[in-house]
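So you can see what is in the structure, the chains are spelled out below.
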Amino acid sequence: MLCALAFALAFGSGLCAAASQLGFTATVTPGLIASMVGRFSEQARQRLAAWVNFAVLQQASKAKSPQPASENAQLRSVNDYINTVPWYDDQVHWGQVDYWATPAETMASHGGDCEDFAIAKYFMLKELGVPIERLRITYVRAGKVNQPHMVLAYYASPGGEPLILDNLDARVLPASARADLVPVYSFNDDDVVMVKGNYKGSASTIRAWQSVIGRLEREARL
Amino acid sequence: MKLGYYLLLAVSGLFAVLLAGVGYMSVSGTRDYLEHQLGAHAEETATSLALAIGSAANPDDTVLLATIVNPVFDRGQYERIQIIGISGAVLVNRKLQPADPDVPEWFQRVFPIESPGGEALISAGWRQIGRVTVLSRPALAYAHLWQSGIETLAWLFALYLVALVALRAMLVLLLRTLTAIESAAHDIGERKFRTITIKPWAREFKSVVAAFNQLSRKIRLVIDEEMARAEQFRREAFTDALTGVPNRRGLDLQIQRILEPGTIEKFGVFAMIEIHGLADFNKKSGFQKTDEFLRHFSAVLSAAGEPPDFVCGRLNGATFAALLTSTDAAWAAATLSGVFHQLQAALEQAGAGGSAMVQVGAVQFDDLDQSLHGLLAAADLALARAGRDGRSALEIVPLTETGADSSARGSGEWRRLIEQALEARQLTLFAQTVVSLPAKRMLHTEVNVRLQESAGQTVPARLFVPMALRHKLGPRLDAVVLDLALEHLTREQWPANAPKQGGAGAAGVIALNLCGASLSDTAFLAHLAARLSAAPALAKRLVFETSEAAFLENLEAVPVFAARVRALGAQFALDNFMVSGESLKRLESLLPHYLKLSASLTADLFTSAEARFLVSSLVRIAQSLEIAVIAQGIEEEQSIDVLTRLGVSGVQGYAVGRPEPW
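The shown structure was predicted, so the numbers you read here are calculated from the model rather than taken from an experiment. (Residues numbered from 1 in each chain as written. Chains lettered and ligands numbered in written order. Predicted model: local features only at pLDDT ≥ 70, side-chain atom pairs only at ≥ 80, totals over all residues.)

Let's talk about the overall build of chain B
Then, number 1: Tallying secondary structure elements over chain B gives 22 helices and 19 strands in all.
Then, number 2: For chain B, buried positions account for 38% of its 662 residues.
Then, number 3: Once local pairs closer than 6 in sequence are excluded, the contacts in chain B between residues at least 24 apart make up 69%. (Helix = DSSP H or I, 4+ residues; strand = E, 2+ residues; numbered from the N terminus. Buried ≥ 20, exposed ≤ 12 C-beta atoms within 10 Å, placed from the backbone. Contact = placed C-beta atoms within 7 Å.)

This is the structure we're talking about:
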């Protein structure tokens, strides 16, 4: 029992340090690169390097420009950057019916589907300092493809109209301009950390999200 | 405290701590589960409320919001349901007073249930409207936790009790061996060398028991060997080597036992048988023929009867003796006459009819309270009469006619005299010192009693005590002697008034003789117990002696008496020890403080190698049982050297100190 307690303490504290940076380019360590190269291909090295590089450039430009204008600019460049990753069906790309990839997995494998992109955009914007209460990963019904879909919604003000970051339409448009999308349910990890700092709460009921968080924690330890 | 209790305490304590831990963890685990369930429940309620409100026609209508919330809230499972608008304004707020759960305060403190809230975002289309927060009521969870806690505790307690009982049973079974070893060790401490019969499971115990038993068996073996040797020496010491019949010492022993006071009154004939002219026969026929004849003669004599009705022995070269006792006066005389004719025939058969003859002198008596000494003297007289004519003859003379009757007084006269003396306490105590060998330091003082006659003379114990016993006055006599001795000791305040005797504990020890009848006499025993417990300091200085003969007659009562006396603080010892086989074997269980050897054993130490062997063997046995051996009736200084060499540890007699008025 003592042993388990000590383990949990050591583990927990390590977790806390990394938790704030989960899914960020800062977690791209030589260990992570080696792991990704092993899982996918030698190209993963360049792809991850490029991703890190993109994040550095974005940080730099953010430092130069004033806040409100730059946040919109960041939305567009992040949307564009992630949308360069080619779309693959989960079954083809991951060999599973529904697989939610971490940003690093998406970048390194150079492929993904709607939720992978939404997740990657969410973590990228979070890393660039966008307050997470403005970001919501949203389940939507997409009229165009007529299938369940996922996008990232950006609320400049809580009661206002969001901007939609989508891979079906590469432009960043207000929700009213996207009549093809019907929102169903949204979440962010503000909900997740809401209660006592534990992963209890609404997002914890989304099994796939929990799996992503679990893999992010493993990646952070690599 | 016993080892078993330590183990039981330690293991049960450990087990209690363990079970308490298990109980705590079980309740704590249930608590965590309930907390999680409460949280999940709140979360689900919040989500479903958010979805219901989001899909309503006009989600901004607060009346509508309250209408949606109320049915859910009124189920009573929530402490609070709030709807907060996106601007932060509280739109709906339903609250219950926090219910006081029906469980003890301390329980809530030890196992707090923090009701986690559930929260969900309300959105209508892309528009975010606000948040629903739901807080569950922990009261129900507390009740459940309390109930399950009680059940867990009850189960664990039952388990604990079962484990405790099982543990106790196992320990008892396991430690049975240790108890057996302890009791055997205790017995060995008391010089009872026995083995442990229990077969333990544990290897260590097995080894200990095996080693213990081996050691005990070895010591036993040594003692048994000593006993066997003593038995051998005893046979040799009491048996005539040539003929196999008892020798003088052996006959003495047997006759003394038959003549012991208190036996049922019988008629008796004591005969001395002498073969006249045996020396001539020896000269004529050679010693081999003579030996053969003597053997045959002894066989014929001893074939005449069985002890205790008939005992015979060879006193010396050509003199034999026989004692016949019976309830029938005519039988003894007739038997003796038959034996006489058989002996004559044996003489004829050996071809010694001409030169040798058998002469028998016998005394007839109708009262067994006789001393062997008196009988020998009287029979000698009768033998002289038988030899008058110088041929084979049988002469039977009534004891009264020989003039050697020791009981000059009539039996009734003795009784009156003794009763009178007991009444008036006309008894004088005499003390005789017993000293140690070789240091000759005082061991103890033996106190004897003499009867004061009206004429101012005293009658020694050996004369009046048998008469007292015969009239069953023994216990009364012993009681009076005990009283007199205790009074004397109290008066004298020994050893304060006798600094010369060193004042050491042993110097003040007093030995008192008790008769066999006293040992099981209830009145005497009660008297003894009362006296000794009233004066525990004096009791420590007393040793009660009883004769070996009395021991053999009261085999059951004597060990009980010895234990009783020891419990009162005094000691128990055997007097007049003559090494009868039975008493030697029982020495081990009786464990007297010391043995006083019969004077007949030590009388001929100079002349008889057998007697020396017997005494030294006896000393070895006694030493292995840590019993002191004391020789008594020692009159010559030279005997003391022999006794010292034989290992005797104490001596009493004229050589070291006469009886003095005490």
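Re the sheet that holds strand 4 (residues 127–136) of chain B
Residue and element names in this part refer to chain B.
Then, number 1: Within the open sheet, the four strands sit side by side as 2-1-4-3. Their pairing is antiparallel. Unpaired on one side and paired on the other, strand 2 (90–95) and strand 3 (117–124) mark the two borders of the sheet. Adjacent strand axes in the sheet meet at a mean angle of 15°, parallel and antiparallel pairs treated alike.
Then, number 2: By the bridge criterion, seven bridges tie strand 1 (residues 78–85) to strand 4 in an arrangement that is antiparallel. Its bridge partner being in strand 4, I84 is matched across the sheet by R131. (Pairing = 2+ DSSP bridges. Axes fitted to C-alpha atoms, helices over the stretch in contact; angles between N-to-C directions.)

Observations concerning helix 13 (residues 461–470) of chain B
Residue and element names in this part refer to chain B.
Then, number 1: Where burial is concerned, most of helix 13 is hidden: seven out of the ten residues are buried.
Then, number 2: Within helix 13, the full set of buried residues consists of F464, V465, P466, M467, A468, L469 and R470.
Then, number 3: Looking one or two residues past helix 13, K472 carries a phi angle of roughly 60°, positive in sign.

Some points on the packing of helix 1 (residues 3–54) of chain B against helix 2 (residues 62–73) of chain B
Residues and elements named next belong to chain B.
Then, number 1: Interaxial distance between helix 1 and helix 2 falls to 10 Å at its minimum, and their mutual angle equals 150°. Here helix 1 is positioned roughly antiparallel relative to helix 2, judged by the angle of their axes. Taken as a pair, helix 1 and helix 2 cross one another with a handedness that is right-handed. Of the residues in helix 2, those in contact with T45, L49, A52 and I53 of helix 1 are L65, I68, V69 and V72.
Then, number 2: A class-by-class count of the residues in the contact of helix 1 with helix 2 yields seven nonpolar, one polar and no charged. (Parallel < 35°, antiparallel > 145°, perpendicular 65-115°, else oblique. Left-handed = near helix turned anticlockwise from the far one by under 90°. Nonpolar A, V, L, I, M, F, W, Y, C, P; charged D, E, K, R; others polar.)

Focus: helix 21 (residues 609–624) of chain B
Residues and elements named next belong to chain B.
Then, number 1: Relative to the 22 Å expected for 16 residues at 1.5 Å per residue, helix 21 spans 23 Å between its end C-alpha atoms, a close match to the ideal helical length.
Then, number 2: For helix 21, every residue scored as buried is listed here: E610, A611, R612, L614, V615, S617, L618, V619, R620, I621 and A622.
Then, number 3: Check the buried side of helix 21 and you find it contacts helix 5 (203–238), strand 16 (594–597), helix 20 (599–602), strand 17 (628–631) and helix 22 (637–646).
Then, number 4: Phi turns positive one or two residues past the end of helix 21, at E626, with a value near 55°. (Expected span 1.5 Å × (residues − 1).)

A short note on the sheet that holds strand 9 (residues 393–398) of chain B
Residue and element names in this part refer to chain B.
Then, number 1: One open sheet holds the five strands; their spatial order is 6-7-5-8-9, and the pairing between them is mixed. For this open sheet the edge positions go to strand 6 (310–316) and strand 9, each flanked by a neighbour on one side alone. Neighbouring strand axes in the sheet, compared pairwise and without regard to direction, differ in orientation by 15° on average.
Then, number 2: Relative to strand 8 (residues 357–365), strand 5 (residues 267–276) runs antiparallel, the two being bridged by nine bridges. From the neighbouring strand, E274 faces strand 8, where its bridge partner is Q359.
Then, number 3: Lying over the sheet, helix 9 (residues 329–349) contacts strand 5, strand 7 (319–326), strand 8 and strand 9, oriented at roughly 15° with respect to strand 5.
Then, number 4: Contacts between helix 10 (residues 372–386) and the sheet are confined to strand 5, strand 8 and strand 9, with strand 8 contributing the most and set at about 135° to the helix.

Considerations on the pairing of strand 7 of chain B
All names here are of chain B.
Then, number 1: With six of eight residues buried, strand 7 lies mostly within the body of the structure.
Then, number 2: Of the strand pairs in this sheet, strand 5 and strand 7 are connected by eight bridges, and their pairing is antiparallel. Residue pairing across strands places F270 opposite L323, the latter belonging to strand 7.
Then, number 3: In this structure, the hairpin formed by strand 6 and strand 7 is closed by a connection of two residues.

Observations regarding the nonpolar core
Residue and element names in this part refer to chain B.
Then, number 1: Formed by 81 residues in total, the largest nonpolar core has its most connected members in L512 and V648.
Then, number 2: Ranked by the residues each element gives to this core, the list is headed by helix 21, at seven residues.
Then, number 3: When sequence neighbours within four positions are dropped, the list of residues in contact with V648 reads L437, V615, V619, V629, I630, A631 and L643.
Then, number 4: Formed by 47 residues, the second largest nonpolar core is a distinct cluster that contains F293, V339, A356 and V363. (Core = buried A, V, L, I, M, F, W, Y, C linked by C-beta atoms within 7 Å.)

A word on the confidence of the model for chain B
All names here are of chain B.
Then, number 1: On average, residues of chain B score 84 in pLDDT, and 94% of them reach the 70 mark or higher.
Then, number 2: The least confident element of chain B, judged by mean pLDDT, is helix 11 (residues 399–402) at 71; the most confident is strand 17 at 92.
Then, number 3: We note a pTM of 0.53 for the whole complex and an ipTM of 0.74 for its interfaces. (pLDDT = per-residue confidence, 0-100.)

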